[in-house]
Amino acid sequence: MMLDGIPQDNKIKPHEVVDWRLKILVLFGTRPEAIKLAPVIHELKKKFFQTIVVSSSQHKELLKPLLKLLNIETDFDLRIMKKNQTPNEVCSRILAKLDKILAEEKPDLILVQGDTTTTLAGALAGFNRQIVVGHVEAGLRSGNLYSPFPEELNRRLVSQIANLHFAATERNRRNLLAEDVPTEKVFVTGNTVVDTLRHILKNLTPSARINELIEETKGLKRILLTTHRRESFGERMSGNLKALRAFVEKRKDVCLFFPVHPNPNVQEVTNEILAGKERIFLLEPLDYKDFIALMKSTWLIVSDSGGVQEEAPSLGKPLFVLRENTERPEAIRAGVAKLVGGNSFTLARMLEENYSIDTWIKSVKEVSNPFGDGRAAQRIVKIIEEKFTKKIKGGTTVQRSLF
Ligand code: UDP
């Protein structure tokens, strides 16, 4: 549908009531989604789009301090989290609650990010209401439907639904084209995590507690561990924690920092294996800037996280990826990361090998980040602007539907 003409320069004064402005609903629910959508939200607001920010609160406790740090205010909180929910319950509760907001707000576009259950539910809710869906960080593929679970299927399904696919890398774009996503709907923008990381690095002021920890462990080789993915739960996680404990016990110049995820599957096994051990520091989940400050101070990062793989190249930090496969092989190709696989003996061997001959660890330097250059959000918003507007004689019109 064509609407009234808007000024060529598209500059709107914030106090003006302008019905024709595009209404964009941005949905997130977990820590990484908030980190990666924050720059997009700021850019949308800068350009005076009507922006509705919705949190599903899939990661309730982790989100609050993060949103404060990133200066993000939410318009709606779906508050869907309950203890021990299955992905089906999370998905169905988001669908039901979000649908009411969509009916009321009638956004022109829904932006979702990544591959969580929130992402899938948001895309599906938009589809069922025939709202245009934009997918930020589209096209990641591990090649194994069950790993990461349920994220690999989530992102594949979102790629079937989305109308605009913002791929972080050329490889991600190729993955989408191989699944018959039309080329004109795919845009390589870089990953917005690099935008946020750069923003935080500009003014990195860690808390007193983190400064103290760094001071206390001066001269030691610091390992930073994060592990909380579903595929790591159980024997695999306990094996990895034991391997790390044995390594720290044996090598007196090594210490371990582990911000422990609130998930009980992580908490229990961590307390059992790592609590009270010398040179092992069990921490609460860290504020993003504290986490980055610790990453910067490490000798080695060991993690099953996706986002950490994207951050390590910007920080020039060596990373062992605690996974059997990765949908982010760019970090490995950049020489920053190594895949451990699912076996804790391999982890033990890799720790020892790289301690004895630390050529690789020393060789890892800040590299040009294969995931982005810090301007992904600007590109995404520009593409949205271009897609939804059309030049006409004497101005520009907004077209609300891309179908
Ligand atoms: N992170 C953080 N505090 C922590 C651990 C991780 O802020 O204590 C950040 C990390 O820098 C990365 C993101 O959280 O940007 C990763 O989130 P997570 O591992 O939960 O999800 P994934 O990236 O695997 O989807």
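Shown above is the structure to which this text applies.
Residues numbered from 1 in each chain as written. Predicted model: local features only at pLDDT ≥ 70, side-chain atom pairs only at ≥ 80, totals over all residues. Heavy atoms only, no water.

With that settled, the discussion passes to the sheet that holds strand 13 (residues 319–321). Read from one edge to the other, the open sheet built from six strands follows the order 11-10-9-12-13-14, with strand pairing classed as parallel. The two strands at the open ends of the sheet, each matched to only one other strand, are strand 11 (280–283) and strand 14 (337–339). Within this sheet the neighbouring strands show an average axis-to-axis angle of 20°, counted without direction. Strand direction decides the pairing type here: strand 9 (residues 221–226) and strand 12 (residues 300–303), joined by four bridges, are parallel. Along strand 12, the bridge assignment pairs Leu-225 with Val-302. The sheet contacts of helix 11 (residues 288–296) involve strand 9, strand 10 (254–259), strand 11 and strand 12, and relative to strand 9 the element is tilted by about 140°. (Pairing = 2+ DSSP bridges. Helix = DSSP H or I, 4+ residues; strand = E, 2+ residues; numbered from the N terminus. Axes fitted to C-alpha atoms, helices over the stretch in contact; angles between N-to-C directions. Contact = heavy atoms within 4.5 Å.)

With 90 residues, the main nonpolar core has Leu-111 and Ile-223 as its most contacted residues. It is helix 1 (residues 31–46) that contributes the most residues to this core, seven residues altogether. Residues Ile-101, Ile-110, Ala-121 and Val-158 belong to the second largest nonpolar core, which totals 23 residues. (Core = buried A, V, L, I, M, F, W, Y, C linked by side-chain atoms within 4.5 Å. Buried < 20%, exposed > 50% of the residue type's maximum accessible area, 1.4 Å probe, protein only.)

Here the structure, examined in full by the defined rule, presents 28 salt bridges. For the salt bridge of Glu-43 with Lys-46, the shortest nitrogen-to-oxygen distance reads 3.6 Å. Here Glu-43 pairs with Lys-46, and both are found in helix 1, just three residues apart, close to one helical turn. Judged by relative accessible area, which is 9%, Glu-43 ranks as buried. Its relative accessible area of 56% is what places Lys-46 among the exposed residues. Note that Asp-373 and Arg-379 form a salt bridge whose closest N and O atoms lie 2.6 Å from each other. Judged by relative accessible area, Asp-373 falls into the partly exposed class, the value being 27%. According to the relative accessible area criterion, Arg-379 is partly exposed, its value standing at 27%. Each of Lys-36, Asp-115, Glu-137, Glu-152, Arg-155, Arg-156, Glu-310, Arg-323, Glu-327 and Arg-328 takes part in a single network of salt bridges with overlapping partners. (Salt bridge = Lys/Arg side-chain N within 4 Å of Asp/Glu carboxyl O.)

Shape descriptors only; they carry no functional weight alone.
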